[in-house]
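Chain by chain, the residues:
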Amino acid sequence: MSKELTFEQRLHNALGSQQCENIKSTHSYLHGMMYSAEEWDGIWNRSKDATWAHSFGRMVGFDQVWWDSVCLVDPGAYQQWLRALEKDPEVARKDPRSMGKNACHALASGVVEVAADGKSCRSSYITPGPFVMGGENSLVSGGRILNERYGSDFVYNNGRWEYLHEQVCPDGFMDYNNGNWAHDRYEQALKGNFTQAGYHNPPPVTDPGPLHVDYDIVQTVQKTVYWPEPYETLDDNNSYSPGRNNPNNF
């Protein structure tokens, strides 16, 4: 933090770093529980510069992200819940949305930086955690281990901190008790038939990917999201979503 800032500015930035950590933790919990409407209603900036990105590409604007995260997700969860209910009456007591997919997005190795001007904040995290998905013909299709990195931008808007950008970087996605993930990748590479994992039905995006690919034994470490360094203000040189940082939009 710059020593040239006033005490009030330094206090604002220190409190901002804590508040953005809380927002990140809130996102992790709500996203893991599949409470998408509560997440986007509660902690996100609603401007046309709000973005959410994954390996398949970047959704741009609050409306597009809402459409994918809520409108396209919730109906499938309820439909799956109804199918499960036909097989097991106990399902009636369960949460329909959380039954479809549940992930423990543990947050580790966090780095948080508030801009010198106090108008934005950036963070990077690593998440190692279990991931359980509901199946078409069963209540649970299997448990998996998920390793991802996150790059997040926040803005201070009308007296509150809000999520502005999220860049998800999946480095690995493997099954429990099903082979040896790292060794299997090695064997695939030796045989020349290594293929990248990906989404079967990626959602509509404005900026198509791939923006990040998962683990490959022959590639160098990807630097899709750098940890944030001290910076002056949010711009295309200090953002996880270049081109989406016009302060007039939020």
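Residues numbered from 1 in each chain as written. Predicted model: local features only at pLDDT ≥ 70, side-chain atom pairs only at ≥ 80, totals over all residues. Heavy atoms only, no water.

(A) Local environment of the pattern of salt bridges. Taken as a whole and assessed by the stated rule, the structure comprises 9 salt bridges. The salt bridge partner of Arg58 is Asp207, with a shortest N-O separation of 3.8 Å. Here the residue Arg58 occupies a position in strand β2 (residues 57-60), and Asp207 occupies one in strand β8 (residues 207-208), the gap between them amounting to 149 residues. Neither residue differs from the other here; Arg58 and Asp207 are each classed as buried. Linking Asp153 and Arg122 is a salt bridge whose minimum nitrogen-to-oxygen distance equals 3.1 Å. (Salt bridge = Lys/Arg side-chain N within 4 Å of Asp/Glu carboxyl O. Helix = DSSP H or I, 4+ residues; strand = E, 2+ residues; numbered from the N terminus. Buried < 20%, exposed > 50% of the residue type's maximum accessible area, 1.4 Å probe, protein only.)

(B) Region of interest: the environment of Trp227. Topologically, Trp227 is positioned in the segment after β8. With residues up to four places along the chain from it excluded, the contact list for Trp227 reads Val111, Ser124 and Tyr240. Separated by 3.1 Å, the side chains of Trp227 and Glu229 make a polar contact. (Contact = heavy atoms within 4.5 Å. Polar contact = N/O pair within 3.5 Å; in protein donor to acceptor, adjacent residues only side chain to side chain.)

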